[in-house]
Amino acid sequence: MRILVLPGDAIGPEIAAATERVLRAADDAFGLGLELEHRDIGWAAHEAVGETMPRDVLDRVGEVDGTILGPVSHLDYPSRAEGGWNPSAAIRTTYRLYSNIRPARSLPDLTVLSEPLDLVIVRENTEGFYSDRNMVAGSGEFMPDEDLALSVRKVSRRACRAVAEEAFRLASGRRGRVTAVHKANVLKLSDGLFLEEVRAVAAEHRDVELRELIVDAATAHLVRSPGEFDVVVTTNMFGDILSDLACALSGSLGLGGSLNAGDGVAVAQAQHGSAPDIAGQGIANPTSLILSATMLLRWWGRRSGAEQFGRAADAVDAAVDACLADPATRTRDLRGSLDTDQFTSALLTKLETTR
């Protein structure tokens, strides 16, 4: 399996290096035949070639078998005209990675919930309210005059169907429940179209129960009754917000894996941002990117039919759980004492005993 590693900005190189250590250990243990290559994006690429997302790097994403994308500081980038392009948005839209898959599972001693949470949020990934990626040319956000700002929301049948199909596929292998989260009482046309496509896909999956829930009610239910949820499918911005909430409720935003998936292309990406305030200190928690990488291994295992990738992913996930279960092998953000390298070493030790 050929994996392209794009370390990104701030803590990105630190957690990407930790993730690579884990992948190489899994490769040694399970014979995965991994080939890892590295390319610069973000500020490092801008300094070198004047672009935060060089075209040759973007092309390479489509040539390899999978990509690991570190967090980026795109809020601070210059304009597109000055070479500033959000690498995440560029990859998602170029390769039509419609589905952003974000699991959340509460962990003992870390969750703030009184009952267990175990769900997957499937978020549409390429359009919606994200105005930096929903137009063929230009931005979907504009100002007719200095006192008025407008933003265009884009919702297409093709993207809604793709994300709904992924949600029902996942639910068929879990507890058989999909919750479609929307705001169709206000966004009657755009969220109405989203619901039409979800219902059409539901009609093809009679083994899966469909429930529809307005987004503001969904946030309350997620806190009050998290056990109600199995797989959640929703539009881009709602999914981004709900997945952060779910991960925070489960223990920490730094504990959630994330996979961007389309037809033949998948990109592992941590749920959290680039955290420039702790960059270079060696204390970043690499768990989210490591779990994202195991999702990538499973995706490739299903695609290639090679069962050892799923076994390797399960072993790494079990090692992560073992580390997080013990306060002595947690990072500082989780009331532990380990830095990035120490946590990674502890995880590798657990991997030896759990595989």
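Residues numbered from 1 in each chain as written. Predicted model: local features only at pLDDT ≥ 70, side-chain atom pairs only at ≥ 80, totals over all residues. Heavy atoms only, no water.

Undergrad: Please explain helix H8 (residues 236-250) as it appears in this structure.
TA: An α-helical segment advances 3.6 residues per turn. Residues three or four places apart therefore align on the same side. An ideal rise of 1.5 Å per residue puts 21 Å on 15 residues; H8 measures up with 21 Å between its terminal C-alpha atoms. Residues Asn 236, Phe 238, Gly 239, Asp 240, Leu 242, Ser 243, Ala 246, Cys 247, Leu 249 and Ser 250 constitute the buried set of H8. Packing partners of the buried residues in H8 comprise strand E4 (99-105), strand E5 (118-124), strand E8 (177-182), helix H6 (190-202), helix H7 (215-224) and strand E10 (231-234). Just downstream of H8, Gly 251 is the residue with a positive phi angle, here 160 degrees. (Helix = DSSP H or I, 4+ residues; strand = E, 2+ residues; numbered from the N terminus. Expected span 1.5 Å × (residues − 1). Buried < 20%, exposed > 50% of the residue type's maximum accessible area, 1.4 Å probe, protein only. Contact = heavy atoms within 4.5 Å.)

Undergrad: I would appreciate a short explanation of the environment of Val 186 in the present structure.
TA: Looking at the element boundaries, Val 186 is found in the loop between E8 and H6. A sequence separation of 136 residues divides Val 186 from Ala 322, and the C-alpha atoms of the two residues are 45 Å apart.

Undergrad: Looking at this structure, how should I read empty space enclosed by the protein?
TA: Rolling a probe over the atoms, with the probe sized like a water molecule, indicates the empty space that remains. Enumeration over the complete set of coordinates arrives at two cavities of 30 Å³ or more. For the largest cavity, the calculated volume is near 50 Å³. Elements supplying a minimum of two residues to the lining of the largest cavity: E5 and H7. Its residues assigned to classes, the lining of the largest cavity shows eight nonpolar, no polar and no charged. In this structure, the second largest cavity encloses a volume near 30 Å³. Glu 124, Glu 127, Gly 128, Lys 154, Val 155, Cys 160, Thr 235 and Asn 236 together form the lining of the second largest cavity. For the lining of the second largest cavity, the per-class residue count stands at two nonpolar, three polar and three charged. (1 Å grid on protein atoms, 1.4 Å probe; cavity = no way out; pocket = protein on both sides within 12 Å on 5 of 7 lines; lining within 4 Å. Points joined across faces, edges and corners; volume = space filled by probe spheres on them. Nonpolar A, V, L, I, M, F, W, Y, C, P; charged D, E, K, R; others polar.)

Undergrad: It is not clear to me how the sheet that holds strand E9 (residues 209-214) should be interpreted in this structure. Could you clarify?
TA: Here we have ten strands laid out as an open sheet, ordered E2-E1-E3-E12-E11-E4-E5-E10-E8-E9, and mixed in their pairing. Sheet topology places strand E2 (35-38) and E9 at the edges, where each strand pairs with a single neighbour. Ignoring strand direction, the axes of neighbouring strands in this sheet form an average angle of 25 degrees. Two elements, E4 and strand E11 (residues 259-261), share three bridges in a ladder whose sense is antiparallel. What sits directly across from Ile 101, in E11, is Leu 259. Of the strands in this sheet, strand E1 (2-6), E2 and strand E3 (66-69) are in contact with helix H1 (residues 12-30), which crosses E2 at around 165 degrees. Helix-sheet contacts for helix H9 (residues 287-304) involve E3, E4, E11 and strand E12 (266-269), and the interaxial angle to E12 is about 160 degrees. (Pairing = 2+ DSSP bridges. Axes fitted to C-alpha atoms, helices over the stretch in contact; angles between N-to-C directions.)

Undergrad: Teacher, can you tell me more about the nonpolar core here?
TA: Leu 34 and Leu 297 are the most contacted members of the largest nonpolar core, which totals 72 residues. In contact with Leu 297, not counting residues within four places along its chain, are Met 1, Leu 23, Leu 32, Leu 34, Phe 309, Ala 312 and Ala 313. (Core = buried A, V, L, I, M, F, W, Y, C linked by side-chain atoms within 4.5 Å.)

Undergrad: Explain the pairing of E10 here, please?
TA: Sheet faces and side chains relate simply in a regular strand, where the side chains alternate between the two faces. Of the two faces of E10, the one holding Val 231 and Val 233 and the one holding Val 232 and Thr 234 are both buried throughout. As judged from the four bridges shared by E8 and E10, these two strands associate in the parallel manner. When the sheet's bridge partners are listed, Val 181 is paired in E10 with Thr 234.

Undergrad: Before we go on, may I ask you to explain the environment of Leu 324 in this structure?
TA: Position of Leu 324 relative to the elements: it lies in helix H10 (residues 307-325). Judged by its relative accessible area of 4%, Leu 324 is buried. Those residues within four positions of Leu 324 in sequence are excluded, and the remaining contacts are Leu 107, Leu 110, Leu 255, Thr 287, Arg 330, Leu 334 and Phe 343.

Undergrad: I would appreciate a short explanation of the layout of surface pockets in the present structure.
TA: The space that makes up the largest pocket amounts to roughly 940 Å³. In terms of lining, the largest pocket is formed by 34 residues, of which the most central are Arg 80, Trp 85, Ala 89, Asp 132 and Arg 133. Counting residues per element, the ones that place at least two in the lining of the largest pocket are helix H4 (87-94) and helix H5 (157-172). With four residues, H4 is the largest single contributor of residues to the lining of the largest pocket. Split into classes, the residues belonging to the lining of the largest pocket amount to 13 nonpolar, 13 polar and eight charged. The space that makes up the second largest pocket amounts to roughly 720 Å³. Along its surface, the second largest pocket is lined by 30 residues, and Pro 103, Val 120, Met 295, Arg 298 and Asp 317 are the ones closest to its centre. Considering each element in turn, the lining of the second largest pocket owes the most residues, six residues, to H9. Per-class residue counts for the lining of the second largest pocket are 15 nonpolar, five polar and ten charged.

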